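Fold and geometry: a report
Here is how the chains run, residue by residue.
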Amino acid sequence: MHSQTLPSLADESAIHALMALYGHLIDERNWDLMPDLFTTDVVYDMSTFGLGRVQGISAVRQLWIDNEQLHPLAHHATNILISTDGSGTVRVLSKGLGVGRNGRVGSVVYRDIVRREPAGWRIAERVGVLRTAVTSSI
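Now for a look at the structure at hand. Predicted model, so just to flag it, every value in this text is computed and none were measured. (Residues numbered from 1 in each chain as written. Predicted model: local features only at pLDDT ≥ 70, side-chain atom pairs only at ≥ 80, totals over all residues. Heavy atoms only, no water.)

A count of helical and extended segments in the protein gives two helices and six strands. The helix and strand sequence of the protein, counted from the amino end, reads α-β-β-α-β-β-β-β. Relative to its length of 138 residues, the protein is compact, with a C-alpha radius of gyration of 15 Å against a globular reference of 14 Å. When its C-alpha atoms are laid out on the principal axes, the protein stretches across 40 × 35 × 20 Å. Within the span of the protein, comprising 138 residues, buried residues form 40% of the whole. Taking the intrachain contacts of the protein between residues at least 6 apart in sequence as the baseline, contacts between residues at least 24 apart amount to 46%. In the structure as shown, the protein presents an accessible area of about 7600 Å², 53% of it carried by carbon and sulfur atoms. The positive charge centre, built from 13 side chains, and the negative charge centre, built from 14, are 6 Å apart in the protein. (Helix = DSSP H or I, 4+ residues; strand = E, 2+ residues; numbered from the N terminus. Rg over C-alpha atoms; globule rule 2.2 N^0.38 Å. Buried < 20%, exposed > 50% of the residue type's maximum accessible area, 1.4 Å probe, protein only. Contact = heavy atoms within 4.5 Å. Areas by Shrake-Rupley, 256 points an atom, 1.4 Å probe, with all protein chains shown as cover. Lys, Arg positive; Asp, Glu negative; His and termini not counted. Charge placed at Lys NZ, Arg CZ, Asp CG, Glu CD.)

Turning to helix 2 (residues 57-66), its buried residues number three or more, namely Ile57, Val60, Leu63 and Trp64. Buried positions in helix 2, seen along its axis, are confined to an arc of 125 degrees and lie on one side of it. Exposed residues lying more than 90 degrees from the buried face of helix 2 are Ser58 and Asp66. The secondary structure elements touched by the buried residues of helix 2 are helix 1 (9-28), strand 1 (38-45) and strand 2 (53-55). (Arc of directions from axis to C-beta.)

What follows is about the sheet that holds strand 1. Pairing is mixed across the open sheet formed by six strands, whose spatial order is 2-1-6-5-4-3. A strand with exactly one partner marks an edge of an open sheet, and here the two such strands are strand 2 and strand 3 (74-84). Going from strand to strand, the sheet's axes swing by 20 degrees on average, the running direction of each strand aside. Both strand 1 and strand 6 (residues 120-130) contribute to a ladder of four bridges, which runs parallel. Directly across from Val43, in strand 6, lies its bridge partner Glu125. Against the sheet, helix 2 touches strand 1 and strand 2, its axis set at about 50 degrees to strand 1. (Pairing = 2+ DSSP bridges. Axes fitted to C-alpha atoms, helices over the stretch in contact; angles between N-to-C directions.)

As a rule of thumb, non-glycine residues mostly have phi less than zero, and peptide bonds are mostly trans rather than cis. Positive phi outside glycine occurs at Arg29, with the angle close to 55 degrees. Relative to the elements of secondary structure, Arg29 occurs in the loop between helix 1 and strand 1. The phi dihedral of Asn79 is positive, around 55 degrees, even though this residue is not glycine. Mapped onto the secondary structure, Asn79 falls in strand 3.

Before going further, it helps to spend a moment on the pattern of salt bridges. Taken as a whole, this structure holds six salt bridges when the rule is applied. Between Asp41 and Arg115 there is a salt bridge; the shortest N-O distance is 2.8 Å. A residue pair is termed long-range when its members are at least 10 positions apart, and Asp41 in strand 1 and Arg115 in strand 5 (residues 105-117) qualify at 74 residues. Taking relative accessible area as the criterion, Arg115 reaches 32% and is therefore assigned partly exposed. Put simply, Glu117 and Arg115 hold a salt bridge, and the shortest N to O gap is 2.8 Å. Look at Glu117 and you get partly exposed, because its relative accessible area is 25%. (Salt bridge = Lys/Arg side-chain N within 4 Å of Asp/Glu carboxyl O.)

None of this, on its own, says anything about what the molecule does.
Okay, here's the thing in structure tokens:
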């Protein structure tokens, strides 16, 4: 699944850092850094969490603010795989662990499309799929 068509190892490193930034940003509620994470036209789909699908940074910000009590206390990105498809779209498949306020731990699979913007790599689309006993394999 690892792509040989990414421009450089520096790009791969930057994409890994982008995946890590998500957890730090959301856990610290640092909404001012959202432009460092997302494209302005980001599509953010958390339908499996009952939060729906929104588009644009301001819509994601409002979704996070409106549902702050649903957020885990800590997000941890892991198992990051980067690939490209035939059209050159850069895709990232990763897993996330979330530690809830009650101490429970949950798991999510993120399916992202990332895009290189003038300021660096950004998430253009993020789909989160909650891992449950009935979730099918990837």
